[in-house]
Structures are given as C-alpha cells and as structure tokens.
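Next come the chains, spelled out residue by residue.
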Amino acid sequence: MTENDRLMELAEEARKNAYVPYSDFRVGAALLAADGTIYTGCNIENAAYSPGNCAERTAIFKAVSEGQRDFVKIAVVGGKSGETADFTAPCGMCRQVIAEFCGPDFIFLLGKPGEYREYRFSEILPYAFTPKNLGK
Ligand code: THU
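Residues numbered from 1 in each chain as written. Predicted model: local features only at pLDDT ≥ 70, side-chain atom pairs only at ≥ 80, totals over all residues. Heavy atoms only, no water.

When you look at the overall build of the chain in this model, what are you seeing that I'm missing?
A count of helical and extended segments in the chain gives 4 helices and 5 strands. Put simply, the chain runs from its N terminus to its C terminus through helices and strands in the order α-β-β-α-β-α-β-β-α. For the chain, whose C-alpha radius of gyration is 14 Å, the value lies close to the compact-globule estimate of 14 Å for 136 residues. When the backbone C-alpha atoms are referred to their principal axes, the chain occupies close to 45 × 40 × 30 Å. For the chain, the proportion of its 136 residues judged to be buried stands at 41%. Surface summary for the chain: the accessible area is close to 7400 Å², and the carbon and sulfur share equals 52%. Positive and negative side-chain charges in the chain, numbering 15 and 18 respectively, have mean positions lying 4 Å apart. (Helix = DSSP H or I, 4+ residues; strand = E, 2+ residues; numbered from the N terminus. Rg over C-alpha atoms; globule rule 2.2 N^0.38 Å. Buried < 20%, exposed > 50% of the residue type's maximum accessible area, 1.4 Å probe, protein only. Areas by Shrake-Rupley, 256 points an atom, 1.4 Å probe, with all protein chains shown as cover. Lys, Arg positive; Asp, Glu negative; His and termini not counted. Charge placed at Lys NZ, Arg CZ, Asp CG, Glu CD.)

I keep staring at the packing of aromatic side chains and nothing clicks. Help me out?
Aromatic ring pairs: the centre-centre distance and the angle between the two ring planes describe each pair. Summed over the entire model, instances satisfying the criterion amount to 5 aromatic pairs. Ring centres of Phe 87 and Tyr 119 lie 5.9 Å apart, and the angle between their planes is 70°; on these two criteria the pair is classed as edge-to-face. One end of the pair, Phe 87, is in the loop between strand 3 (71-80) and helix 3 (92-101); the other, Tyr 119, is in strand 5 (residues 115-120), and 32 residues separate them in sequence. Note on Phe 87: relative accessible area 41%, which makes it partly exposed. Overall, the relative accessible area of 12% leaves Tyr 119 in the buried class. Where Phe 106 meets Phe 108, the ring centres are 5.5 Å apart and the plane angle is 85°; that geometry is what we call edge-to-face. (Phe/Tyr/Trp six-rings, centres within 6.5 Å; stacked < 30°, edge-to-face > 60°.)

I tried to follow the side chain of Arg 57 on my own but got confused; where do I start?
Mapped onto the elements of the fold, Arg 57 is located in helix 2 (residues 55-65). Here Arg 57 occupies a buried position and makes no salt bridge, while the nearest side chain of opposite charge, Glu 56, is found at 6.6 Å. One polar contact links Arg 57 to Asn 53, side chain to side chain, over a distance of 3.2 Å. (Salt bridge = Lys/Arg side-chain N within 4 Å of Asp/Glu carboxyl O. Polar contact = N/O pair within 3.5 Å; in protein donor to acceptor, adjacent residues only side chain to side chain.)

Next up, the structure:
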C-alpha cells in the first residue's frame, strides 16, 4: 500500500470517532510529520457551536502538543454519516492554522480512499498570511 493510500485509510478510520450531533458531517484527518509519525484527528462539535473543532486542527494540535512542527502532508476524508463525500475542502480556519506550520509544498490529499487528488498548500491557500509577515 502506498503512503498516500495509508493516510487516506487512517483518515477514514479517524472519521469513526467524529463527535457530530449537530451537523452529522463526519470528518477524519491523518497528518504525516517529517519524522514519519502520523497523527489522526476528527471533528468534535459542541452544544455552544463555536467551540467545535475540525478534524484537521485536531490532528495539527495533537501533533504540535507532542513537539512536532515539521509536516509533510495531510489526508482529509469527510461526509454525512453513512456516506463519504467525493471531496471535503478544508475550512478557512484550518487553512490558516496549517499556514502557521506548513510551507507552500505541504500536500493535501482530498477525496476518499481509492479516489483522491493531491493539492499543494500554495493552491489551497494562496497569498497566505504567515509568521514571515510578522518577521518570524
Ligand atoms: N469540518 C471539518 O472537520 N473539516 C473540514 O475540512 C470541513 C468541516 C467539520 C466542522 C463541522 O463539525 C462539520 O464538519 C460541518 O461543518
């Protein structure tokens, strides 16, 4: 199995843990760090709505909280319970969080297992506001 296929499969697996009583839209993500470690995440909703977290940010925050800051790619799989969408676009907030840690060559695998496309971060969020804008 290729690395991409494995990441898509892990993202699909992580979807099972999504906590989505409000949207019923389950998302899973699998984030590959430069050292080969994979961090998964799911979306976690909340009765007060805005505290909810997307699958991508769950994965990134898990990784950063464990000392990782160097990432290669992320697979994202989503869809209503019982089905898998052809394509789940990462939300704007997740794109901005990813911009903090990932450069233009970071890869998104979007779609479903066996049927996904690869995008560079520079396509997903062109003209990103990054730490460089603050001289960091
Ligand atoms: N969601 C994600 O987890 N990732 C995305 O890329 C798109 C949206 C979540 C947020 C919310 O829990 C649900 O999907 C519906 O918007």
